[in-house]
Amino acid sequence: MKLDNVDIELIRLLQEDSKKTTKQYADALHLSKTAVYERIRRLERNGVVTQYTALVDKIKVGRDFMVLCQIRLVQHTKENVLKFEREVLQLKEVSECFHVGGDYDYILKIYVKDMKSYREFMVTKLTAIANIGNTQSSFVINEVKNSPSVHI
């Protein structure tokens, strides 16, 4: 799908605040409500806009202790990789999981209440997954930039 400048600006507006009305987007883009509605539907239909979500204040929900955990698997067979990924998908503390190249195989972004909660998570859930050979945890001191937006 070819995106024009209006599509790109509409995507920027949607990423900034997806709860605005079609009229508000139309006013900002100097288009009719119908034109904006059709553009949004086309972006959704073509998989450019994949979902809408609410961002939650991690402090207010008691999940502001962020850990980046690097994981190295013992064996890299297709079966082991897929099994690990299936099991990680079940861990609610893991907000993001990346299969990466380099010294480690995966990087997990984990949110828990505190260090005690992280230890409990490691002992009872993460290290219970078979085929993990090594882990290294980095504890986030300060979140300098965290944006869910993709700049086009």
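Preceding this section is the structure that the text describes.
Since the structure is predicted, the reported quantities are computational estimates derived from the model, not experimental observations. (Residues numbered from 1 in each chain as written. Predicted model: local features only at pLDDT ≥ 70, side-chain atom pairs only at ≥ 80, totals over all residues. Heavy atoms only, no water.)

## Details of unusual backbone geometry
Link 1 in the chain: In the Ramachandran plot, H30 falls in the positive-phi region, its phi being about 60 degrees despite a non-glycine side chain.
Link 2 in the chain: In this structure, H30 sits in the loop between α2 (22-29) and α3 (33-45). (Helix = DSSP H or I, 4+ residues; strand = E, 2+ residues; numbered from the N terminus.)

## Details of the nonpolar core
Link 1 in the chain: Among the nonpolar cores identified, the biggest contains 20 residues, and I71, F84, L108, I110, Y118 and L126 are the most heavily contacted of them.
Link 2 in the chain: For this core, the secondary structure elements donating two or more residues are β1 (65-73), α4 (78-89), β3 (106-112) and α5 (115-124).
Link 3 in the chain: By residue number, the principal contributor to this core is β1, which donates five residues.
Link 4 in the chain: One finds L13, I40, L43 and V49 within the second-largest nonpolar core, a separate group that totals eleven residues. (Core = buried A, V, L, I, M, F, W, Y, C linked by side-chain atoms within 4.5 Å. Buried < 20%, exposed > 50% of the residue type's maximum accessible area, 1.4 Å probe, protein only.)

## A short note on the packing of helix α1 (residues 5-16) against α2
Link 1 in the chain: Two elements in contact, α1 and α2, have axes separated by 11 Å at closest approach and are oriented at 135 degrees. Accordingly, the angle class assigned to the pair α1 and α2 is oblique. Every pair of crossing elements has a handedness; the one defined by α1 and α2 is right-handed. Contact residues: V6, E9, L10, L13 and L14 in α1; Y25, A28 and L29 in α2.
Link 2 in the chain: Split by residue class, the contact of α1 with α2 holds seven nonpolar, no polar and one charged. (Axes fitted to C-alpha atoms, helices over the stretch in contact; angles between N-to-C directions. Parallel < 35°, antiparallel > 145°, perpendicular 65-115°, else oblique. Left-handed = near helix turned anticlockwise from the far one by under 90°. Contact = heavy atoms within 4.5 Å. Nonpolar A, V, L, I, M, F, W, Y, C, P; charged D, E, K, R; others polar.)

## Things to note about the environment of A54
Link 1 in the chain: Positionally, A54 belongs in the loop between α3 and β1.
Link 2 in the chain: With 36 residues separating them in the primary sequence, A54 and S18 have C-alpha atoms 9.2 Å apart.

## What about the sheet that holds β1?
Pairing between sheet strands relies on hydrogen bonds along the backbone, with the strands arranged either parallel or antiparallel.
Link 1 in the chain: Across the sheet, which stays open at both edges, the four strands sit in the order β2-β3-β1-β4 with antiparallel pairing between neighbours. Pairing within the sheet leaves two strands with one partner each, and these edge strands are β2 (94-99) and β4 (132-139). Recorded for the sheet is a direction-independent mean angle of 20 degrees between the axes of neighbouring strands.
Link 2 in the chain: Relative to β4, β1 is paired through seven bridges, and the arrangement is antiparallel. The partner of Q70 across the bridge, within β4, is Q136. (Pairing = 2+ DSSP bridges.)

## Quick notes on the layout of surface pockets
Link 1 in the chain: In this model, the largest pocket occupies a volume close to 1100 Å³.
Link 2 in the chain: Lining the largest pocket are 29 residues, and of these Q15, T53, L55, P148 and S149 lie nearest its centre.
Link 3 in the chain: Listed by contribution, the elements that provide at least two residues to the lining of the largest pocket are α1, β2 and β3.
Link 4 in the chain: Looking at which element gives the most residues to the lining of the largest pocket, the answer is α1, with four residues.
Link 5 in the chain: Here the lining of the largest pocket is built from residues that sort into 13 nonpolar, eight polar and eight charged.
Link 6 in the chain: What the second largest pocket holds in volume is close to 200 Å³.
Link 7 in the chain: Forming the boundary of the second largest pocket are R63, K92, E93, V94, S95, Y111, V112, K113, S117 and F121.
Link 8 in the chain: If you list the elements that add at least two residues to the lining of the second largest pocket, you get β2, β3 and α5. (1 Å grid on protein atoms, 1.4 Å probe; cavity = no way out; pocket = protein on both sides within 12 Å on 5 of 7 lines; lining within 4 Å. Points joined across faces, edges and corners; volume = space filled by probe spheres on them.)

## A look at the pattern of salt bridges
Link 1 in the chain: If you walk through the whole model with that rule in mind, you get eleven salt bridges.
Link 2 in the chain: Residue R39 pairs with D7 through a salt bridge whose shortest N-O separation is 2.7 Å. You can see R39 sitting in helix α3 and its partner D7 sitting in helix α1, a full 32 residues away along the chain.
Link 3 in the chain: Classification of D7 by relative accessible area gives buried; the value is 1%.
Link 4 in the chain: R12 is the partner of E16 in a salt bridge, and the nearest nitrogen-oxygen pair spans 2.9 Å. (Salt bridge = Lys/Arg side-chain N within 4 Å of Asp/Glu carboxyl O.)

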